[in-house]
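Working through the structure, step by step
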Amino acid sequence: MAINVNNVYQTVLLILNKEQRGYMTPLEFNKIGAQSQLEIFGTYFESLNQQLRVPQPSADYSDRVVNLDEKLAIFKEYGNATYSDPVFKLPSQPSGSSSATQQFTAVNPGLTYTLTGDALALSNAGAISNVFVNNIELASTAYSISGATLTLNTQPTAGQIIVVNLYQKEFYRLGQVLYQAGALPTEEMQRVDRGELYHLLSSNLTKPTTVNPIYTYENNLLSVYPTSITSGVSVSYIRRPIPPIWAFTSGQQYTFKVTESCNFELHPSEQVELITRILLYAGVVVKNQEIIQVAASQIQQENMNQKS
Amino acid sequence: MPIPNGGLITETNRQYYAGAQQFTIGSTGVGQTFTSTFDTNLVFGNSDPATNDYNLNNFKIFTSPDANVWTELNPTSAIASTTGTTDNNAYGPGAAVTITITVANTDILAGMTIVNASTGAVYGTVTTVNVGNTTFVCNLSAQIPVSTGLRFQFASPWTEANNIITVNASLTAGNYIKIQMNESTLWDMHGDYSYTRLDDIINNFLIAYVGEGKLIPSVKRTDVIFHAKRGLQEFSYDTLKSIRSQELTVPDTLSLIIPQDYVNYVRLSYCDTQGVQHTIYPANLLSMRPYASPVQDDQGVPTQDSVNSNIDGTSGITEKWDNNNPRKISGAYINDYEIADIYWKTYYDGALGQRYGLNPETSQRNGWFIIDDRKGLFAFSNNLKQKNIILEYISDGNAYDLDARIPKLAEEALYAHILYAVLSTSVGIQEYIVQRFKKERSAKLRNAKIRLSDIKLDQIVQVMRNKSKWIKY
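Residues numbered from 1 in each chain as written. Chains lettered and ligands numbered in written order. Predicted model: local features only at pLDDT ≥ 70, side-chain atom pairs only at ≥ 80, totals over all residues. Heavy atoms only, no water.

Concerning the sheet that holds strand β4 (residues 71-72) of chain B
Residues and elements named next belong to chain B.
- What the four strands build is an open sheet, ordered β1-β13-β3-β4; its pairing is antiparallel. Two strands lie at the open edges of the sheet, namely β1 (20-24) and β4, each paired on one side alone.
- Bridge count for strand β3 (residues 59-64) against β4 is two bridges, and the pairing is antiparallel. Considered in β4, the bridge of threonine 63 is made with threonine 71. (Pairing = 2+ DSSP bridges. Helix = DSSP H or I, 4+ residues; strand = E, 2+ residues; numbered from the N terminus.)

Here's the deal with the pairing of strand β13 (residues 176-181) of chain B
All names here are of chain B.
- With respect to burial, β13 is a largely interior element, five of its six residues being buried.
- Strand direction decides the pairing type here: β1 and β13, joined by five bridges, are antiparallel. By the bridge assignment, phenylalanine 23 is partnered in β13 with isoleucine 177.
- Note that β3 and β13 share six bridges and pair antiparallel. Bridged to lysine 60 within β13 is glutamine 180. (Buried < 20%, exposed > 50% of the residue type's maximum accessible area, 1.4 Å probe, protein only.)

Side note on the interface of chain A and chain B
- Taken together, the contact pairs 15 residues of chain A with 16 residues of chain B.
- Summing both sides of the interface, chain A and chain B together bury roughly 1,500 Å²; the carbon and sulfur share of this comes to 58%.
- Of all residues in chain A, Gln190, Leu205 and Asn212 of chain A give up the largest surface area on contact with chain B, accounting jointly for 37% of the area buried on that side.
- The interface formed by chain A and chain B includes one salt bridge.
- The salt bridge partner of lysine 220 of chain B is glutamate 196 of chain A, with a shortest N-O separation of 2.3 Å.
- The tally of links between chain A and chain B comes to four residue pairs in polar contact (both at pLDDT 80 or more).
- Counting residues per element, the ones that place at least two in the side of chain A that touches chain B are β12 (187-188) and α5 (194-202) of chain A.
- Residues of the side of chain A that touches chain B, tallied by class, amount to eight nonpolar, four polar and three charged. (Contact = heavy atoms within 4.5 Å. Buried area = accessible area lost by both parts, 1.4 Å probe. Salt bridge = Lys/Arg side-chain N within 4 Å of Asp/Glu carboxyl O. Polar contact = N/O pair within 3.5 Å; in protein donor to acceptor, adjacent residues only side chain to side chain. Nonpolar A, V, L, I, M, F, W, Y, C, P; charged D, E, K, R; others polar.)

Given below as structure tokens:
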């Protein structure tokens, strides 16, 4: 479930070069690709808010709320908040290397391979991964990574090169905060502002308990009430998309290097809009007004279709 | 259906009726955990009956080799303790003292407390068990004399946190362990199905009544909690059944402290020798307890003490009331026995309707009570001295966690109450919608009152049968 970065780049180049409008380098593409991906990703939240206020048809594939949720589902995460007296720290906060690559030479028999160094650190932090065997990317169901161990489902041929790329997850938006202690039922926490907090703590009817806990969210930290809660807090959140990488080997011309590349993480249905947005910026880069106008009008048209 | 299968009942028959949950021990070892699935949360103080905190527990842990004969798991039970005798050396005190016992014992485990088998004096704890099970590295706080009979036991053979029990003692595969609820906890559990917990009401409300496309698109959970609790309070006053009561004895002081969770009384009565209740009436028109009785000077002006507050004296009215003879107020005969036995009375006792023109409000021999708001007391007339009193009263449903529940017969009324409360305090809701839910709340509350009033057809028929009697006059 991703958009192939090479397909997008080649399509952009094709449209740009059709009438010798100019050329976009891989480095420019990577920057603009990341920008476009974030732009599209950022519209999901406002679109969802708009669509929630509109009655939706119940027919399959036409419910815009469901469709938007499907696009967001790629980035939905769930993790534990770690207690650091007196607050809880959110998961997936950037620290250390943002990405790592490790390479193995396949042996037979040998389904498991041990990660080390930055790859191990990122794996322990629950990083996003992709694995290539003999330059072919494996489906996420064809392997698993747990701690230091990469486990392949099928035996590779001895001597084949296995490449593991790991990318750090980065926290984007906070969703629900839940509390569970031992075998007690899970309780959803209520987010409150600092102003409300004092009123709530003062009222005997609404003061927080372990059954009705509350929290404030300030400076990327959770302050949980009652303060007797020091563990068992987990959060659902949205992470940022991993920036795309069109990797290449330098030489006479840019040659695509699949094992070091990273695809766009957006839903495949976003491919057209993604290319259009990249073209919009490409038009600015190559200073071609026609490209800018065509791309801008297409984006506008698409927005109208999606929201009317 | 003995096994819960996804319905509202989540406890097995054994859990509900016997208050027990049994586990088969899968493997031999220490530190095994067992998860309670009772609807009632476990409360843990200590696993040693010798400690005061043990009384906080609302359950006990038993073990059995055959699920037939059960032994409570405590520090001295066989499964959590064992014995041994030291050799001809004295040991300790010290942080890492290696002691030797005469006979190898595989039941001695790290973490066990070492006590004198005879006196119970504590020597220290085992930190490491050496190979061979005859020598042990121990942390000793007192010296162990030569050839001392020792008992090795877990000071805390099990612990509990958040409904998960961890057994520190070594359990044997194939044996059994069970959680047994205490009797008073079991009383609370019985009949619990007729109630819904307030927390469930709040969650159900948020699921069913709040969300996009509904009248309430979003609401803060704390708002719902507030309205639910307020609703429970209001319902407690006039809709829900009064289940609070206390049996008390009136002391010589003729006063009893108002219960901690008291909101209002339903009835006070005393019990005669047949166990029949006789209603005690408030002495509203007869006397009262003054809120303050300031000491006055010759001019009638209250006098003050060294911190400029009025000096509070003794109430003369109270003294007189406490020493009166209630029979002189009620007009009851001296030989009128205070018992609901009609055969005690004869025509010659003058108790069979021969007295006319009495004030019915005061013509009763049951006695009176006064509420002393200043001191938070119920005060009784002196004919009730040393009598058994039953105080029936209402609370507000929020005093204890166990109270935070509502009869299922009034569940819908509480949803309607929360819905109306939220809508009526939200901006942008049309008044006709608010009024609609106001009516709905009122109708559902009325339904709840009728349901909870326990009107049964057979009982009505029985009352009506009485009407066919001749009315004598």
